[in-house]
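What follows is the residue order along each chain.
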Amino acid sequence: MAQTYKFCFGPWNISEGTDPYGPPTRPPQTFDWKIAAMKKLGFDAMMFHDDDVVPDIDTKSPAQIRRESKEVKKKLADAGLVAEMVAPRLWFSPNTIDGAYTSNDAAQRQYAIDRSLRCIDIAKILGTDLIVLWLAREGTYLRESKNGRRSIELLVAAFDKLLGADKKTRLAIEPKPNEPMDHAYLPTIGHALAVAQLTCDAKRVGCVIESAHAILAGLDPADEIDFATSFGKLWSLHLNDQNGLKFDQDKPFGSANLRVAFNQVRALERNQYGRDGQFVCFDVHPFRGTKPEHWLGHLENSRRTFLRLVEKSRTFNETRAQALIADRDYQALDQLALDHLLGR
Ligand code: XUL
Ligand code: MN
C-alpha cells in the first residue's frame, strides 16, 4: 500500500517578515486566523512552541497555563486539527542568555528545566506526547566559556528530569549546527542519537530532522533521514530548503535544490515515513518581500512540491536505475535522475 502523508506547520511559519536588519513587512495575524488558514489549506496538525499556546508564559500561574492550554485544545478540536508537538522556547528569556540546560548559572539551568516541565503539561493537555527540543543556545560563542564535557552531562541530566516527569513523554531533539551559536553541542542527528543513549530511557529520546539544519552541517538531509530511520527514531520532520552555508533560510521545500528535495522524498518513501503516524511539517517562512495577500504561498507550495516529488519518486525508472548501477554507469544514472525531474 502506498504511503499517504499528513501535513503540519506552526503558527511561527506565518511570520511577519522581521529580520535582524528590518521591522515586520506584514501585520500580525491572530491565532484564530492562523487556524482558519490551516483549515483552508487542508493541513492536518499544528506544531507549537509553549508560548504559542500560552503567550507570556513566564508571567502566568500553573492554573492559568492549564486554562489557556485547554482553550487552544478546544479551538483545535473544533477545527478538526491536532497538536503535533510542543517545544519549549528556551532562547528568548533573559534567563537563557548564557544557554538554558547548559548555562553556567545553576539558577538559570533550573529555570530551563522548570519551563520544560510546564511545556510537558501543555503538551499533555493538547494531547501530544512529543516534546521537540531545538537546543538553540546550548553551545558557545567562544569555546573557552564552557566545559564541553560538562555541557553534555548537563544536557543528559536535563533530559533525564523531563523523562522522569512523565512516563509517556518522548523527546525529539532537533539538531542545528550553528545560529544563534557559533557551534552547537548537538549539531547533527548522529550527535542527537548518541546522546539519547546516555539518558535514563533511550527509547524515549529520538529526533527531528530539519532539511536546512542538515545542509548547514554540510550533510545531505536524505542521508540524515536514512540514518535516523535506521534507529526507528525519526519522530518528526521539518522540511524546507537552504541555499548554501549562510543564515538559516527556511525556504519553501525544494526551492533552492530540487534534486536534494527529491532525494529526501525518496528516503521518506523507502523508509515508509509516516507509517507510525508521524507528520510532514514544513518549517518554512515567507520571503520578507511577500505581500499579505500572498502570505500562505510558501506553505501551499511546499506541500505541492512535496506531493509532486512523491509522484516523481514513485515513477522513477528503478529498473533502468538498477541496470545502470550494475553497469557502474553513473553518468547515465545522473542524467536519468535529471531527465526525470525535468519531465522526460
Ligand atoms: C529553529 C527551528 C525551530 C524549531 C522549533 O531553527 O527550526 O523553529 O523547529 O523550536
Ligand atoms: Mn525546525
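As a reminder, the structure under discussion sits directly above these lines.
These remarks concern the structure in this document. The model shown is predicted, which means the values in this text are computed figures rather than measured ones. (Residues numbered from 1 in each chain as written. Chains lettered and ligands numbered in written order. Predicted model: local features only at pLDDT ≥ 70, side-chain atom pairs only at ≥ 80, totals over all residues. Heavy atoms only, no water.)

**A word on the overall build of the protein**
Working step 1: Scanning the protein for helices and strands turns up twelve helices and ten strands.
Working step 2: In terms of overall size, the protein behaves like a compact globule, its C-alpha atoms giving a radius of gyration of 20 Å where 344 residues would be expected to give roughly 20 Å.
Working step 3: Evaluated residue by residue, the protein yields a buried proportion of 55% over its 344 residues.
Working step 4: Approximately 16,100 Å² of the protein is accessible, and the part contributed by carbon and sulfur atoms is 53%.
Working step 5: Each charge class in the protein was averaged separately, 46 positive and 46 negative side chains, and the resulting centres sit 3 Å apart. (Helix = DSSP H or I, 4+ residues; strand = E, 2+ residues; numbered from the N terminus. Rg over C-alpha atoms; globule rule 2.2 N^0.38 Å. Buried < 20%, exposed > 50% of the residue type's maximum accessible area, 1.4 Å probe, protein only. Areas by Shrake-Rupley, 256 points an atom, 1.4 Å probe, with all protein chains shown as cover. Lys, Arg positive; Asp, Glu negative; His and termini not counted. Charge placed at Lys NZ, Arg CZ, Asp CG, Glu CD.)

**Examining the pattern of salt bridges**
Working step 1: In the structure shown here, the tally under the stated rule is 21 salt bridges.
Working step 2: Linking Lys60 and Glu68 is a salt bridge whose minimum nitrogen-to-oxygen distance equals 3.2 Å. Here the two residues Lys60 and Glu68 agree in accessibility, since each one is buried.
Working step 3: Where Arg170 meets Asp129, a salt bridge forms, and the shortest distance between an N and an O atom there is 3.0 Å. Placement of Arg170 in strand E6 (residues 170–174) and of Asp129 in the loop between helix H4 (106–126) and strand E4 (130–134) is noted, with a sequence separation of 41 residues between them.
Working step 4: Taking the relative accessible area as the measure of exposure, Asp129 reaches 31% and is therefore partly exposed.
Working step 5: Among the ionic contacts, a cluster of salt bridges with common partners joins Asp50, Asp51, Asp52, Asp58, Arg89, Arg115 and Arg118. (Salt bridge = Lys/Arg side-chain N within 4 Å of Asp/Glu carboxyl O.)

**Comments concerning the state of the cysteines**
Working step 1: Considering all chains together, one arrives at zero disulfides under this definition.
Working step 2: As a non-bridged cysteine, Cys281 has Cys8 as the owner of its nearest cysteine sulfur, 3.3 Å distant.
Working step 3: A residue is classified by how much of its surface remains accessible, and Cys281, at 0% relative accessible area, is buried. (Disulfide = S-S within 2.5 Å.)

**Things to note about the environment of Asn104**
Working step 1: Here Asn104 lies in the loop between strand E3 (82–87) and H4.
Working step 2: Taking the C-alpha atoms as reference, Asn104 lies 44 Å from Asp78; in sequence the two are 26 residues apart.
Working step 3: With residues near it in sequence (within four places) discarded, Asn104 still touches Asp98, Arg109, Ser145 and Lys146.
Working step 4: A polar side-chain atom of Asn104 sits 3.0 Å from the main-chain carbonyl oxygen of Ser145. (Contact = heavy atoms within 4.5 Å. Polar contact = N/O pair within 3.5 Å; in protein donor to acceptor, adjacent residues only side chain to side chain.)

**A look at the packing of helix H9 (residues 258–270) against helix H10 (residues 297–314)**
Working step 1: Packing of H9 against H10 brings their axes to within 9 Å, and their N-to-C directions diverge by 70°. When the axis of H9 is compared with that of H10, the two are roughly perpendicular. Where H9 crosses over H10, the two elements pack in a sense that is right-handed. Touching Leu258, Ala261, Phe262, Val265, Arg266, Leu268 and Glu269 of H9 are Thr305, Phe306, Leu309, Val310, Lys312, Ser313 and Arg314, all from H10. (Axes fitted to C-alpha atoms, helices over the stretch in contact; angles between N-to-C directions. Parallel < 35°, antiparallel > 145°, perpendicular 65-115°, else oblique. Left-handed = near helix turned anticlockwise from the far one by under 90°.)

**So, the pairing of strand E9 (residues 234–239)**
Working step 1: Summarising burial for E9: six of the six residues are buried, a large majority.
Working step 2: Pairing of E9 with strand E10 (residues 280–282) involves two bridges; the strand directions are parallel. Looking at E10, one finds that Leu239 is bridged to Phe282.
Working step 3: Taken together, E9, H9 and E10 form a β-α-β motif whose crossover is right-handed. (Pairing = 2+ DSSP bridges. Right-handed = clockwise from strand over helix to strand, strands pointing away.)

**Let's talk about unusual backbone geometry**
Working step 1: Along the chain, Glu179 connects to Pro180 via a cis peptide bond; the corresponding omega equals 10°.
Working step 2: Phi angles above zero are rare outside glycine, and Asp56 is one such case at about 55°.
Working step 3: Residue placement: Asp56 occurs in the loop between helix H2 (50–53) and helix H3 (62–78).
Working step 4: With a phi close to 50°, Gln272 is a non-glycine residue in the positive phi region.

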